Structures are given as C-alpha cells and as structure tokens.
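# Architecture at a glance
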Number of protein chains: 2
Amino acid sequence: MINRLTSEERTQQLATLRDWQAVAGRDAIQRQLKFADFNAAFGFMTRVAIKAQEMDHHPEWFNVYNRVEITLSTHEADGLTTRDLELARFIDSIAPDA
Amino acid sequence: MINRLTSEERTQQLATLRDWQAVAGRDAIQRQLKFADFNAAFGFMTRVAIKAQEMDHHPEWFNVYNRVEITLSTHEADGLTTRDLELARFIDSIAPDA
C-alpha cells in the first residue's frame, strides 16, 4: 500500500514541478500541454504511455489535436502519492521547452 | 468546405454505427470503449491516431487505464460530417468484439 502525501509534502513537492495545478475538489494534479500539431502531441503521449506502463501507474488524460490535459492521482491511495510525482517529473522532462 | 449532415442523414447514418451516442447540447457523437488493460487501450488509440493523421481528421478523446471515451465532430463545419462517420466506422472495425 502506498500512502498519500501529507499536506506539507504536497505543497513542497508541487513547487518543484513545472506548471502543475491542484485539481479543485480532488487530491490530484493537472497539467495542460500544447504541441506544434497532433503528430507531436501523440508522440509525446506515446512516450508517457510507455513510461506509465513501466511504472504500472497510469494517467487520466484528454487530447484534442495539439492539446493534452493530464491528471495524476493514485487510485489505490485515493490521492496524490510519490508515484504521481515521479510520473509528473518524467512528463516535465519531455514536455516542450523542457 | 465540408457540410454538416442534415438531421435526416444524421439519424440514418447513426443507426449504421455501433454504440455511438449523440452528445447532449452539441452536434457530435460519442462512444465509450473498454479494453483488457492499458496496453490494449493505448494500442487501440495508436491505431486510431495513425488513421486520424492519414485522414487529417482528429478525435477528442479521454483515456484512463483500460477505458477510452471518443467524441467526434468536425470543427470547421461546427458539427457532424461524413468525415466523422468515416472515422467512426474505422473505430468500430477495430473495436473489441468487432
């Protein structure tokens, strides 16, 4: 079992990520990304998918054309955990202008 | 310029698709799909992405783990067109239990 971050951990860790926002009404974080086109957006999603599968920790995400909106939370902990931070850091590392 | 389907065309054509629903308040259609796992869901999305790019007609879609929710509409026509039907038919042809 993995534990939720405490409120302090959450605040501290969120400050170390790029452009992630807390989701209203949920213990989750969200980032919106914009790419040159669909090819670039889906290429990015494919890299995240491979990483997610490797971690066995999957995003909730929405895509339309060149936009991707990603929400991270840990279902089994019903909130934000270190797994979300790890996936968020990977996403930040391959996001445009990284 | 591509024209929106008429109300009659829309009703006729929707009946020929599998499990697509009209979206409330929008001239668009939606289908929800469930897969064995994330690998299967994202594999399916990759096939749709390649088709969409070939057609230059892209879906709005949401994924979490083994679930995919797809919305089709034609932005430049501000509604449903034959392009959406073509992409919906492709999706139906590769959906589970096809």
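Numbering of residues begins from 1 in every chain and follows the order in which that chain's sequence is written. Chain labels run from A onward and ligand labels from 1 onward, assigned in the order the entries are written. Where local features are concerned, this predicted model is filtered to residues with pLDDT of at least 70; where side-chain atom pairs are given and counted, the filter is 80 or more; whole-chain, interface and lining totals use all residues. The side-chain quantities take in all heavy atoms of the structure and omit both hydrogens and water.

### What about the interface of chain B and chain A?
Counting residues at the interface gives 15 residues for chain B and 15 residues for chain A. Throughout, the accessible surface (probe 1.4 Å) given up by two parts as they are put together, summed over both, is called the buried area. Carbon and sulfur atoms supply 71% of the area buried between chain B and chain A, which totals about 1400 Å² over both sides. The largest contributions to the chain B side of the interface with chain A come from Phe38(B), Phe42(B) and Trp61(B), which together make up 37% of the buried area. One side-chain nitrogen of Lys or Arg within 4 Å of one carboxyl oxygen of Asp or Glu is enough to make a salt bridge. Scanning the region where chain B abuts chain A turns up zero salt bridges. Strands here are runs of E lasting at least two residues and helices are runs of H or I lasting at least four, both read from the DSSP assignment and numbered beginning at the N terminus. Elements that contribute at least two residues to the side of chain B that touches chain A include exactly α2 (38-55) and β3 (60-64) of chain B. Ranked by the residues each element gives to the side of chain B that touches chain A, the list is headed by α2(B), at seven residues. Ten residue types, Ala, Val, Leu, Ile, Met, Phe, Trp, Tyr, Cys and Pro, are classed as nonpolar, four, Asp, Glu, Lys and Arg, as charged, and the remainder, Gly among them, as polar. Taken together, the residues of the side of chain B that touches chain A sort by class into nine nonpolar, five polar and one charged. In this analysis, strands are considered paired if DSSP registers two or more bridges between them. Inspection of the sheet shows strand β3 (residues 60-64) of chain A paired to β3(B) by five bridges, in the antiparallel sense. In the strand pairing of β3(B), Glu60(A) is matched with Val64(B). Between two residues, a contact is recorded if the distance between any of their heavy atoms is within 4.5 Å.

### What about the pairing of strand β2 (residues 29-34) of chain B?
Residue and element names in this part refer to chain B. A simple rule labels every residue: compare its accessible area, found with a 1.4 Å probe on the protein chains alone, to the largest value its type can have, and call it buried under 20%, exposed over 50%, or partly exposed in between. By the alternation rule, side chains of β2 split into Ile-29, Arg-31 and Leu-33, which are all buried, and Gln-30, Gln-32 and Lys-34, of which none is buried. As paired elements, strand β1 (residues 21-22) and β2 share two bridges and run antiparallel to each other. Looking across to β2, one finds that Ala-22 is bridged to Ile-29. Connecting the antiparallel pair β1 and β2 is a turn made up of six residues, with Gly-25 showing a positive phi of about 75°.

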